[in-house]
Amino acid sequence: MGSHPHQPPMPVPATAAGREGLEALLRDPGRAVVALDFDGTLADIVPDPDQARAHPDTVPALAALAPRVEAVAVVTGRPAGVAVRYGGFAGVPGLEHLVVLGHYGAERWDAVTGVVHAPAPHPGVAAVRAELPGFLDAIGAWRGTWIEEKGRALAVHTRRAEDPEAAFEALREPLAELAARHGLIVEPGRAVLELRPPGMDKGVALTEFLRERDAGPVLYAGDDLGDLAAYSAVEKRRAEGLPGLLLCSGSAEVPELAARADLVLPGPGAVAAFLARLAEELRG
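To keep things clear, this report deals only with the structure shown in the data block.

The rules behind the values
Residues numbered from 1 in each chain as written. Predicted model: local features only at pLDDT ≥ 70, side-chain atom pairs only at ≥ 80, totals over all residues. Heavy atoms only, no water. Buried < 20%, exposed > 50% of the residue type's maximum accessible area, 1.4 Å probe, protein only. Helix = DSSP H or I, 4+ residues; strand = E, 2+ residues; numbered from the N terminus. Contact = heavy atoms within 4.5 Å. 1 Å grid on protein atoms, 1.4 Å probe; cavity = no way out; pocket = protein on both sides within 12 Å on 5 of 7 lines; lining within 4 Å. Points joined across faces, edges and corners; volume = space filled by probe spheres on them. Nonpolar A, V, L, I, M, F, W, Y, C, P; charged D, E, K, R; others polar. Pairing = 2+ DSSP bridges. Axes fitted to C-alpha atoms, helices over the stretch in contact; angles between N-to-C directions. Right-handed = clockwise from strand over helix to strand, strands pointing away.

### Details of helix H3 (residues 80–87)
Taken across its 8 residues, H3 has 6 buried, putting it largely inside the fold. As for H3, its buried residues are in contact with helix H2 (58–65), strand E3 (99–102), strand E4 (107–110) and strand E5 (115–117).

### A closer look at the layout of surface pockets
Gaps between atoms show up when a probe of the same size as a water molecule is rolled over them. The volume enclosed by the largest pocket comes to roughly 300 Å³. Of all the elements, helix H5 (residues 164–181) adds the most residues to the lining of the largest pocket, at 5 residues. Residue classes in the lining of the largest pocket are distributed as 5 nonpolar, 2 polar and 7 charged. Of the volumes computed, that of the second largest pocket is approximately 230 Å³. Along its surface, the second largest pocket is lined by Thr207, Leu210, Arg211, Asp214, Ala215, Ser232, Ala233, Lys236, Arg237, Glu240 and Leu242. Elements supplying a minimum of two residues to the lining of the second largest pocket: helix H6 (202–213) and helix H7 (228–239). Examining the composition of the lining of the second largest pocket, we find that 4 residues originate from one element, H7, more than from any other. Among the residues making up the lining of the second largest pocket, the classes are represented as 4 nonpolar, 2 polar and 5 charged.

### Section: the environment of Arg277
Secondary-structure assignment places Arg277 in helix H9 (residues 268–283). Here the alpha-carbon distance between Arg277 and Met10, two residues 267 residues apart in the chain, equals 6.4 Å.

### Brief notes about the sheet that holds strand E8 (residues 185–189)
The strand order E6-E7-E9-E8 describes an open sheet built from 4 strands, whose pairing is antiparallel. Each edge of the sheet is formed by a strand with only one pairing partner; in this case those strands are strand E6 (146–149) and E8. On average, each strand axis in the sheet is inclined to that of its neighbour by 25°, with strand direction left out of account. Packed on one face of the sheet, helix H4 (residues 123–138) meets E6, strand E7 (154–157) and strand E9 (192–196) and runs near 20° to E7. The strands that H5 touches are E7, E8 and E9; relative to E9, the one it contacts most, it runs at about 5°.

### Things to note about the pairing of strand E2 (residues 71–75)
Working note: regular strand, side chains alternate between the two faces of the sheet. Across the 5 residues that make up E2, a large majority, 5, are buried. The two faces of E2 match: Ala71, Ala73 and Val75 on one face and Val72 and Val74 on the other face are all buried. Here strand E1 (residues 33–36) runs beside E2; their pairing, made up of 4 bridges, is parallel. Along E2, the bridge assignment pairs Leu36 with Val74. Across 3 bridges, E2 lies against E3 in parallel orientation. Each bridged residue has a counterpart across the sheet, and for Val75 the counterpart in E3 is Leu101. Considered for its hand, the β-α-β crossover made up of E2, H3 and E3 is right-handed.

### Brief notes about the sheet that holds strand E12 (residues 263–265)
Taken together, 8 strands build an open sheet; the order of strands is E5-E4-E3-E2-E1-E10-E11-E12 and the sheet is mixed. With one partner strand each, in any of the chains shown, E5 and E12 form the two edges of the open sheet. Each adjacent strand pair in this sheet contributes to an overall mean axis angle of 20°, direction not counted. Here strand E10 (residues 218–222) runs beside strand E11 (residues 244–249); their pairing, made up of 5 bridges, is parallel. Following the sheet pairing, Val218 is matched in E11 by Gly244. Strands in contact with H3 are E3, E4 and E5; relative to E4, the strand with the most contacts, it is inclined by about 40°. Packed onto the sheet, H6 meets E1, E2, E3, E4 and E10 and runs at close to 165° relative to E2.

Structure, rendered in C-alpha coordinates:
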(Lines give C-alpha, C1' and ligand atoms only; values in the text may rest on other atoms or scores of the structure.)
Protein backbone atom coordinates (compact mmCIF):
# COMPACT_ATOMS: atom_id res chain seq x y z
CA MET A 1 0.00 0.00 0.00
CA GLY A 2 1.60 3.21 -1.14
CA SER A 3 1.26 6.67 0.30
CA HIS A 4 0.17 9.95 -1.25
CA PRO A 5 1.30 13.29 0.16
CA HIS A 6 -2.20 14.82 0.23
CA GLN A 7 -3.85 11.77 1.80
CA PRO A 8 -3.43 10.34 5.31
CA PRO A 9 -2.05 6.80 5.56
CA MET A 10 -4.63 4.09 4.99
CA PRO A 11 -5.75 2.51 8.30
CA VAL A 12 -4.52 -1.06 8.72
CA PRO A 13 -7.10 -3.73 9.65
CA ALA A 14 -6.53 -5.26 13.08
CA THR A 15 -7.06 -8.86 11.91
CA ALA A 16 -5.12 -11.09 9.54
CA ALA A 17 -8.32 -11.88 7.61
CA GLY A 18 -9.03 -8.16 7.25
CA ARG A 19 -5.51 -7.40 6.04
CA GLU A 20 -5.84 -10.22 3.52
CA GLY A 21 -9.21 -8.83 2.41
CA LEU A 22 -7.80 -5.33 1.88
CA GLU A 23 -4.77 -6.64 0.02
CA ALA A 24 -7.01 -8.74 -2.25
CA LEU A 25 -9.21 -5.73 -2.99
CA LEU A 26 -6.18 -3.62 -3.89
CA ARG A 27 -4.75 -6.44 -6.00
CA ASP A 28 -7.97 -7.33 -7.87
CA PRO A 29 -10.29 -4.27 -7.80
CA GLY A 30 -11.98 -5.24 -11.07
CA ARG A 31 -13.76 -8.11 -9.27
CA ALA A 32 -14.23 -6.31 -5.94
CA VAL A 33 -17.61 -5.29 -4.52
CA VAL A 34 -17.91 -2.48 -1.97
CA ALA A 35 -21.17 -2.74 -0.01
CA LEU A 36 -22.24 -0.20 2.59
CA ASP A 37 -25.03 0.41 5.06
CA PHE A 38 -26.56 3.93 4.93
CA ASP A 39 -27.60 5.30 8.36
CA GLY A 40 -24.66 5.50 10.73
CA THR A 41 -22.21 4.44 8.01
CA LEU A 42 -22.66 6.87 5.11
CA ALA A 43 -24.89 9.29 7.05
CA ASP A 44 -24.59 10.45 10.65
CA ILE A 45 -27.26 9.21 13.07
CA VAL A 46 -29.67 12.07 13.83
CA PRO A 47 -32.65 12.26 16.25
CA ASP A 48 -35.14 12.46 13.34
CA PRO A 49 -34.39 9.87 10.59
CA ASP A 50 -36.18 12.08 8.05
CA GLN A 51 -33.35 14.59 8.51
CA ALA A 52 -30.56 12.06 7.81
CA ARG A 53 -28.36 12.94 4.87
CA ALA A 54 -25.15 11.43 3.52
CA HIS A 55 -22.02 12.91 5.05
CA PRO A 56 -20.70 15.69 2.75
CA ASP A 57 -17.61 13.60 1.91
CA THR A 58 -19.57 10.41 1.11
CA VAL A 59 -20.71 11.01 -2.49
CA PRO A 60 -17.33 12.38 -3.72
CA ALA A 61 -15.58 9.35 -2.18
CA LEU A 62 -18.03 6.88 -3.73
CA ALA A 63 -17.84 8.61 -7.11
CA ALA A 64 -14.05 8.33 -7.04
CA LEU A 65 -14.11 4.69 -5.97
CA ALA A 66 -16.99 3.21 -8.00
CA PRO A 67 -15.33 3.34 -11.46
CA ARG A 68 -12.35 1.41 -10.08
CA VAL A 69 -14.21 -1.63 -8.69
CA GLU A 70 -16.72 -4.16 -10.01
CA ALA A 71 -19.65 -2.64 -8.09
CA VAL A 72 -20.71 -0.38 -5.24
CA ALA A 73 -23.96 -1.19 -3.45
CA VAL A 74 -25.78 0.52 -0.60
CA VAL A 75 -27.61 -2.07 1.55
CA THR A 76 -30.18 -0.47 3.82
CA GLY A 77 -33.36 -1.05 5.77
CA ARG A 78 -34.75 2.18 4.33
CA PRO A 79 -36.90 2.23 1.20
CA ALA A 80 -34.54 2.29 -1.77
CA GLY A 81 -35.93 5.57 -3.12
CA VAL A 82 -35.54 7.30 0.25
CA ALA A 83 -31.91 6.21 0.52
CA VAL A 84 -31.24 7.51 -2.99
CA ARG A 85 -32.86 10.85 -2.13
CA TYR A 86 -31.19 11.26 1.27
CA GLY A 87 -27.89 10.08 -0.12
CA GLY A 88 -27.94 12.39 -3.12
CA PHE A 89 -26.90 9.43 -5.30
CA ALA A 90 -28.91 10.07 -8.49
CA GLY A 91 -27.28 11.61 -11.53
CA VAL A 92 -23.77 11.73 -10.02
CA PRO A 93 -20.88 11.26 -12.48
CA GLY A 94 -18.98 8.15 -11.41
CA LEU A 95 -22.04 6.57 -9.81
CA GLU A 96 -23.75 5.53 -13.06
CA HIS A 97 -23.76 1.87 -11.95
CA LEU A 98 -24.51 2.30 -8.23
CA VAL A 99 -27.09 -0.14 -6.84
CA VAL A 100 -29.22 0.54 -3.74
CA LEU A 101 -30.76 -2.52 -2.09
CA GLY A 102 -33.56 -1.10 0.07
CA HIS A 103 -35.75 -2.77 2.68
CA TYR A 104 -33.01 -5.35 3.29
CA GLY A 105 -32.98 -6.26 -0.40
CA ALA A 106 -36.74 -6.38 -1.02
CA GLU A 107 -36.38 -3.24 -3.16
CA ARG A 108 -33.69 -2.38 -5.68
CA TRP A 109 -32.71 0.86 -7.39
CA ASP A 110 -30.17 0.83 -10.21
CA ALA A 111 -28.60 4.16 -11.15
CA VAL A 112 -28.36 3.01 -14.77
CA THR A 113 -32.19 2.98 -15.06
CA GLY A 114 -33.19 5.23 -12.16
CA VAL A 115 -36.06 2.84 -11.42
CA VAL A 116 -37.03 1.10 -8.15
CA HIS A 117 -38.11 -2.53 -8.49
CA ALA A 118 -40.18 -3.92 -5.63
CA PRO A 119 -42.61 -6.78 -4.90
CA ALA A 120 -46.09 -6.27 -3.47
CA PRO A 121 -46.09 -5.22 0.22
CA HIS A 122 -46.66 -7.80 2.96
CA PRO A 123 -50.29 -7.54 4.24
CA GLY A 124 -49.11 -7.75 7.84
CA VAL A 125 -47.48 -4.33 7.55
CA ALA A 126 -50.83 -2.64 6.84
CA ALA A 127 -52.43 -4.49 9.77
CA VAL A 128 -49.67 -3.43 12.17
CA ARG A 129 -49.78 0.14 10.83
CA ALA A 130 -53.43 0.36 11.83
CA GLU A 131 -52.94 -1.26 15.23
CA LEU A 132 -49.62 0.17 16.40
CA PRO A 133 -50.61 3.64 17.73
CA GLY A 134 -53.37 2.24 19.96
CA PHE A 135 -51.13 -0.66 20.95
CA LEU A 136 -48.38 1.65 22.22
CA ASP A 137 -50.93 3.78 24.02
CA ALA A 138 -52.56 0.77 25.70
CA ILE A 139 -49.26 -0.50 27.13
CA GLY A 140 -48.27 2.97 28.34
CA ALA A 141 -45.36 3.28 25.93
CA TRP A 142 -46.51 6.26 23.92
CA ARG A 143 -44.58 8.95 25.84
CA GLY A 144 -41.14 9.45 24.33
CA THR A 145 -41.58 6.83 21.61
CA TRP A 146 -42.61 7.48 18.04
CA ILE A 147 -43.38 5.55 14.88
CA GLU A 148 -41.41 5.89 11.66
CA GLU A 149 -43.29 4.96 8.48
CA LYS A 150 -41.01 2.96 6.20
CA GLY A 151 -43.50 1.77 3.59
CA ARG A 152 -42.72 -1.96 3.76
CA ALA A 153 -41.95 -1.79 7.46
CA LEU A 154 -42.64 0.26 10.60
CA ALA A 155 -40.13 1.31 13.20
CA VAL A 156 -40.68 2.30 16.83
CA HIS A 157 -37.97 4.66 18.09
CA THR A 158 -37.08 5.13 21.75
CA ARG A 159 -34.20 7.62 21.40
CA ARG A 160 -36.38 10.51 22.65
CA ALA A 161 -37.65 8.62 25.72
CA GLU A 162 -36.53 9.66 29.19
CA ASP A 163 -34.60 6.37 29.45
CA PRO A 164 -34.16 5.17 25.83
CA GLU A 165 -32.58 1.82 26.79
CA ALA A 166 -35.26 0.96 29.37
CA ALA A 167 -38.01 1.90 26.90
CA PHE A 168 -36.32 -0.22 24.23
CA GLU A 169 -36.13 -3.28 26.51
CA ALA A 170 -39.72 -2.83 27.73
CA LEU A 171 -41.00 -2.81 24.16
CA ARG A 172 -39.05 -5.76 22.75
CA GLU A 173 -41.37 -8.55 23.88
CA PRO A 174 -44.74 -6.82 23.30
CA LEU A 175 -43.70 -5.71 19.82
CA ALA A 176 -42.38 -9.19 19.00
CA GLU A 177 -45.78 -10.63 19.95
CA LEU A 178 -47.61 -8.01 17.86
CA ALA A 179 -45.34 -8.68 14.88
CA ALA A 180 -45.77 -12.45 15.16
CA ARG A 181 -49.57 -12.13 15.14
CA HIS A 182 -49.33 -10.52 11.72
CA GLY A 183 -46.56 -12.66 10.24
CA LEU A 184 -43.80 -10.11 10.77
CA ILE A 185 -40.53 -10.12 12.71
CA VAL A 186 -38.82 -7.48 14.86
CA GLU A 187 -35.35 -6.25 13.90
CA PRO A 188 -33.62 -4.44 16.81
CA GLY A 189 -31.31 -1.51 16.14
CA ARG A 190 -29.85 1.52 17.88
CA ALA A 191 -32.78 2.70 20.04
CA VAL A 192 -35.21 1.39 17.43
CA LEU A 193 -37.32 -1.74 16.90
CA GLU A 194 -38.38 -2.37 13.31
CA LEU A 195 -41.38 -4.54 12.44
CA ARG A 196 -40.90 -6.01 8.99
CA PRO A 197 -41.61 -9.10 6.87
CA PRO A 198 -39.37 -12.17 7.37
CA GLY A 199 -37.19 -13.76 4.74
CA MET A 200 -34.91 -10.88 3.84
CA ASP A 201 -31.95 -9.51 5.71
CA LYS A 202 -28.75 -7.76 4.73
CA GLY A 203 -26.91 -11.08 4.61
CA VAL A 204 -29.36 -12.54 2.08
CA ALA A 205 -29.36 -9.32 0.05
CA LEU A 206 -25.55 -9.12 0.02
CA THR A 207 -25.08 -12.81 -0.82
CA GLU A 208 -27.48 -12.62 -3.77
CA PHE A 209 -25.83 -9.47 -5.09
CA LEU A 210 -22.33 -10.98 -4.82
CA ARG A 211 -23.52 -14.10 -6.64
CA GLU A 212 -25.07 -11.98 -9.38
CA ARG A 213 -21.80 -10.10 -9.89
CA ASP A 214 -19.58 -13.20 -9.58
CA ALA A 215 -17.66 -11.13 -7.06
CA GLY A 216 -14.15 -11.63 -5.80
CA PRO A 217 -13.02 -9.59 -2.78
CA VAL A 218 -15.77 -7.83 -0.83
CA LEU A 219 -15.73 -4.91 1.57
CA TYR A 220 -18.76 -4.45 3.81
CA ALA A 221 -19.24 -1.50 6.17
CA GLY A 222 -22.04 -1.14 8.74
CA ASP A 223 -22.81 0.23 12.18
CA ASP A 224 -25.82 -1.59 13.65
CA LEU A 225 -27.25 -4.96 14.65
CA GLY A 226 -28.94 -5.33 11.27
CA ASP A 227 -25.47 -5.44 9.71
CA LEU A 228 -24.50 -8.60 11.61
CA ALA A 229 -26.21 -10.74 8.94
CA ALA A 230 -24.04 -9.11 6.26
CA TYR A 231 -20.98 -9.68 8.43
CA SER A 232 -21.93 -13.37 8.64
CA ALA A 233 -22.26 -13.54 4.85
CA VAL A 234 -18.74 -12.15 4.43
CA GLU A 235 -17.37 -14.47 7.13
CA LYS A 236 -18.96 -17.46 5.36
CA ARG A 237 -17.25 -16.46 2.12
CA ARG A 238 -13.94 -16.10 3.94
CA ALA A 239 -14.34 -19.63 5.30
CA GLU A 240 -14.65 -20.74 1.67
CA GLY A 241 -11.41 -18.94 0.75
CA LEU A 242 -12.94 -15.74 -0.66
CA PRO A 243 -11.32 -12.67 0.93
CA GLY A 244 -13.34 -9.93 2.58
CA LEU A 245 -12.94 -6.86 4.78
CA LEU A 246 -15.42 -5.91 7.52
CA LEU A 247 -15.59 -2.26 8.59
CA CYS A 248 -17.51 -0.94 11.59
CA SER A 249 -18.57 2.69 11.59
CA GLY A 250 -17.64 2.99 15.23
CA SER A 251 -20.25 3.33 17.91
CA ALA A 252 -20.10 2.28 21.53
CA GLU A 253 -23.83 1.56 21.14
CA VAL A 254 -23.19 -1.64 19.17
CA PRO A 255 -20.16 -3.45 20.65
CA GLU A 256 -21.27 -6.73 19.00
CA LEU A 257 -20.43 -5.28 15.58
CA ALA A 258 -17.16 -3.66 16.59
CA ALA A 259 -16.00 -6.95 18.14
CA ARG A 260 -16.39 -8.75 14.80
CA ALA A 261 -15.01 -5.99 12.57
CA ASP A 262 -11.55 -6.04 11.04
CA LEU A 263 -11.36 -2.27 11.22
CA VAL A 264 -13.33 0.18 13.38
CA LEU A 265 -13.64 3.73 12.07
CA PRO A 266 -15.11 6.61 14.12
CA GLY A 267 -18.25 7.36 12.10
CA PRO A 268 -19.35 8.29 8.57
CA GLY A 269 -16.73 11.00 8.07
CA ALA A 270 -13.98 8.47 8.71
CA VAL A 271 -15.69 5.88 6.48
CA ALA A 272 -15.81 8.44 3.64
CA ALA A 273 -12.13 9.27 4.21
CA PHE A 274 -11.26 5.56 4.06
CA LEU A 275 -13.19 5.09 0.80
CA ALA A 276 -11.50 8.17 -0.69
CA ARG A 277 -8.11 6.82 0.39
CA LEU A 278 -8.96 3.47 -1.19
CA ALA A 279 -9.89 5.19 -4.46
CA GLU A 280 -6.62 7.12 -4.38
CA GLU A 281 -4.67 3.90 -3.80
CA LEU A 282 -6.40 2.21 -6.74
CA ARG A 283 -5.69 5.20 -8.98
CA GLY A 284 -1.98 4.58 -8.35
